[in-house]
Amino acid sequence: MGKVIVHGKVAARIVETEAYLGLKDRAAHTFRGVTQRTKVLFGPPGHAYVYLIYGMYECLNFSCEPEGSPGCVLIRALEPLAGIDEMRERRGHPKRDRDLTNGPGKLTMAMGITRAHNGLDVTHSELLVCEPVRHQRFEITTSTRIGIQHNTDWEMRFYISGNEFVSKG
DNA sequence: CAATAGATCATCT
DNA sequence: GATGATCTATTGC
């Protein structure tokens with residue numbers, strides 16, 4: 001939370017995430033073990049997992065646990081920092097800037113992230129996760145996760161309290 | 001503002 | 001062959 005994702009001229013701050021607990025979590029893609037799609041999550045931490053959902057949107061995750069342990073974090077919302085015109089272009093010029101990145105499918109579109117970025121090391125590639133240049137103080141609110149059918153009572157959604165770019169849910 | 005319908009396809013059974 | 005970690009447009013207050 002609060003870190004910055006950079007892709008080309010576009011950068012944005014992470015303001016909303018959800019955790020998925022590998023083998024213990026029925027809602028996680030990795031619950032049933034390794035498959036062609038989820039194998040990157042069984043690899044080392046700090047790698048991007050990008051997949052297609054509902055036939056038309058991409059979602060961005062980062063692997064978080066050591067090799068062999070498939071825990072990951074879904075990025076649900078970002079606060080645009082740089083390259084905002086480019087984001088507006090890719091999103092089809094929405095009325096409000098908050099609609100650029102306030103959802104997992106929207107932010108990948110705004111950032112230009114696709115399945116081509118699946119498996120990249122986000123410390124050494126065209127897709128980077130960095131410390132922010134200016135740290136801002138923030139508080140984190142937790143809630144249940146969104147859009148899933150299992151473990152719906154687990155409070156594993158986290159967002160920056162009061163941030164305008166957090167998704168509706 | 002809230003509820004609903006429809007788009008659309010890679011992945012897994 | 002069914003499904004899903006979503007979004008948009010449209011309808012009805």
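That block above? That's the structure.
Residues numbered from 1 in each chain as written. Chains lettered and ligands numbered in written order. Predicted model: local features only at pLDDT ≥ 70, side-chain atom pairs only at ≥ 80, totals over all residues. Heavy atoms only, no water.

## Re helix 2 (residues 104-111)
Then, number 1: Most of helix 2 sits out of view: six of its eight residues are buried.
Then, number 2: Looking at helix 2, one finds that the buried residues are Pro104, Gly105, Leu107, Thr108, Ala110 and Met111.
Then, number 3: Where helix 2 is buried, its residues touch strand 1 (4-7), strand 2 (10-20), strand 4 (57-63), strand 5 (72-82) and helix 1 (84-91).
Then, number 4: Backbone geometry just downstream of helix 2 places Gly112 in the positive-phi region, at approximately 75°. (Buried < 20%, exposed > 50% of the residue type's maximum accessible area, 1.4 Å probe, protein only. Helix = DSSP H or I, 4+ residues; strand = E, 2+ residues; numbered from the N terminus. Contact = heavy atoms within 4.5 Å.)

## Things to note about the protein's contact with DNA strand C
Then, number 1: Close to DNA strand C lie 21 residues, the nearest being Tyr54, Asn61, Arg91, Gly105 and Gly147.
Then, number 2: Within the side chain of Tyr51, a nitrogen or oxygen atom sits 3.3 Å from a base nitrogen of DNA strand C.
Then, number 3: Counting residues per element, the ones that place at least two in the surface near DNA strand C are strand 3 (48-53), strand 4, strand 5 and helix 2.
Then, number 4: Considering only residue class, the surface near DNA strand C consists of 12 nonpolar, six polar and three charged. (Near = heavy atom within 4 Å. Polar contact = N/O pair within 3.5 Å; in protein donor to acceptor, adjacent residues only side chain to side chain. Nonpolar A, V, L, I, M, F, W, Y, C, P; charged D, E, K, R; others polar.)

## Topic: the layout of surface pockets
Empty pockets left among the atoms are what a rolling probe the size of a water molecule brings to light.
Then, number 1: Of the voids in this model, the largest pocket is the one considered here, and its volume is about 720 Å³.
Then, number 2: In terms of lining, the largest pocket is formed by 31 residues, of which the most central are His29, Tyr51, Ile53, Gly147 and Ile148.
Then, number 3: When residues of the lining of the largest pocket are traced back to their parent elements, those giving at least two are strand 2, strand 3, strand 4, strand 5 and helix 2.
Then, number 4: Class assignment for the residues of the lining of the largest pocket results in 16 nonpolar, nine polar and six charged. (1 Å grid on protein atoms, 1.4 Å probe; cavity = no way out; pocket = protein on both sides within 12 Å on 5 of 7 lines; lining within 4 Å. Points joined across faces, edges and corners; volume = space filled by probe spheres on them.)

## Here's the deal with the pattern of salt bridges
Then, number 1: Within this structure, the stated rule accounts for 12 salt bridges.
Then, number 2: Of the charged contacts, one joins Arg90 and Glu86 as a salt bridge, the two residues approaching to 3.1 Å between their closest N and O atoms. One end of the pair, Arg90, and the other, Glu86, are both in helix 1, four residues apart, so they sit about a helical turn from each other.
Then, number 3: According to the relative accessible area criterion, Arg90 is partly exposed, its value standing at 31%.
Then, number 4: For the salt bridge of Lys106 with Asp99, the shortest nitrogen-to-oxygen distance reads 3.7 Å. (Salt bridge = Lys/Arg side-chain N within 4 Å of Asp/Glu carboxyl O.)

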